[in-house]
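# Understanding the architecture of this molecule
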Amino acid sequence: MKMPLIFEHLQTLPSINENWFSEWFNSPYYDLLYQHRNDEEAALFIDKLLNHLELKPDAVIADMPCGNGRHARQLASKGYSVYAYDLSEKNIREATKHQTANLHTAVHDMRQYVACNVFDVLFNLFTSLGYFRGDYVDRRILKNFYAAIKPGGKLVLDYFNAPVVLRNLQKESRVTHDGVEFHIQRYYDGKRIIKTVEITDRQSVHHFAERVRAYTMTELCDLLHQAGFQITEVFGDYQLHSFEEQLAPRCILIAQKKPL
């Protein structure tokens, strides 16, 4: 399905740092803007996934990237051995505050090799792919994931459903949290959704941006197949309802590494 360009009032797209995610995810303003993403939401989703996956009690799980660890904490609370990785040092510091004997945290860039045949399941949640200029980087990441998962193990990839997101794309919004004002603009360049964030905090002004590839379900499946995975299931929301391209808010894929 061809998706329309959404530029209109924008004449020149703002220049975006290739490593925008390093700056933005390490900023305290990121957590302030997205404070509605809470542990309760994470717990409900994790419970649904675990009930569906029916993992063995001794399963070893990776959450990568883990953000501040809200999903990893829920996984560890079930008794699994959990490894939580993230590029952001700030996020890992926060995740480490809740570290337990079975929750292990480390700063790691998912573009780099992490392990070989270690994890029963690897979670890549909340649209944590597609940040990079070329699709080849995402292919490399998925191959790293494939190597890290045990034969017969699974990858859970949670991404926004591009057609629905683009149809409902709000071009501009303003919100205030704790006296900090956020002016947000969103654009689509034919491949990526670009979000610019201007932040006014008292007398200071800060600028950040997000740039995420608007992969369709078919494109995500192609990437996974190229990495060696076999798609086993596709869900459309955090309640694990069936996927409908024109209605589903999420695209949640379960993919399996070839058994020995």
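For the structure, see preceding data.
Residues numbered from 1 in each chain as written. Predicted model: local features only at pLDDT ≥ 70, side-chain atom pairs only at ≥ 80, totals over all residues. Heavy atoms only, no water.

Strand order in the open sheet made by the four strands is β6-β7-β8-β9, with antiparallel pairing throughout. Pairing within the sheet leaves two strands with one partner each, and these edge strands are β6 (172–177) and β9 (204–213). Each strand of the sheet is rotated relative to its neighbour by a mean of 20°, with strand direction disregarded. Where strand β7 (residues 180–188) and strand β8 (residues 192–201) come together, nine bridges link them in antiparallel fashion. Opposite Ile184, over in β8, you have Val197 as the bridge partner. (Pairing = 2+ DSSP bridges. Helix = DSSP H or I, 4+ residues; strand = E, 2+ residues; numbered from the N terminus. Axes fitted to C-alpha atoms, helices over the stretch in contact; angles between N-to-C directions.)

We now examine the sheet that holds strand β1 (residues 60–63). One open sheet holds the seven strands; their spatial order is β3-β2-β1-β4-β5-β11-β10, and the pairing between them is mixed. Because the sheet does not close on itself, it has two edges, and the strands there are β3 (103–107) and β10 (230–235). Strand-to-strand twist of the sheet, defined as the mean angle between neighbouring strand axes without regard to direction, takes the value 20°. Where strand β5 (residues 149–160) and strand β11 (residues 250–256) come together, seven bridges link them in antiparallel fashion. Across the sheet, residue Leu155 finds its bridge partner in β11, namely Ala255. Along the sheet, helix α4 (residues 70–77) makes contact with β1, β2 (81–86), β3 and β4 (119–124), crossing β2 at roughly 170°. (Contact = heavy atoms within 4.5 Å.)

Turning our eyes to something else, we now look at the environment of Leu253. If you trace the backbone, Leu253 turns up in strand β11. On the accessibility criterion, Leu253 (0% relative accessible area) is buried. Sequence spacing of Leu253 and Ile231 is 22 residues, and the spatial spacing of their C-alpha atoms is 7.0 Å. Residues in contact with Leu253, not counting those within four places in the same chain, are Leu155, Val156, Leu157, Leu220, Cys221, Leu224, Ile231, Glu233 and Val234. (Buried < 20%, exposed > 50% of the residue type's maximum accessible area, 1.4 Å probe, protein only.)

With that out of the way, let us pick up the packing of aromatic side chains. With the rule as written, the count across this model stands at 17 aromatic pairs. Note on Tyr159 and Phe160: the rings are 5.0 Å apart at their centroids and 45° apart in plane angle, and the pair reads as tilted. Residue classification places Tyr159 among the buried residues on the basis of a relative accessible area of 0%. Assessed through its relative accessible area of 11%, Phe160 is described here as buried. (Phe/Tyr/Trp six-rings, centres within 6.5 Å; stacked < 30°, edge-to-face > 60°.)

On to the nonpolar core, then. Counting 62 residues, the largest nonpolar core has Trp24, Leu122, Phe145, Phe182, Leu224 and Phe229 as its most contacted members. Considering each element in turn, this core owes the most residues, six residues, to helix α6 (residues 135–148). Counting 26 residues, the second-largest nonpolar core is a separate cluster that includes Phe45, Ala59, Val82 and Leu125. (Core = buried A, V, L, I, M, F, W, Y, C linked by side-chain atoms within 4.5 Å.)

Glancing now at unusual backbone geometry. Cis peptide bonds are those with omega within 30 degrees of zero, and the linkage from Met64 to Pro65 qualifies with -10°. Within the fold, Pro65 resides in the loop between β1 and α4. The backbone phi angle of Asn117 is positive, close to 55°, even though this residue is not glycine. Note that Asn117 resides in the loop between β3 and β4. Even without being glycine, Thr127 reaches a positive phi, approximately 50°.

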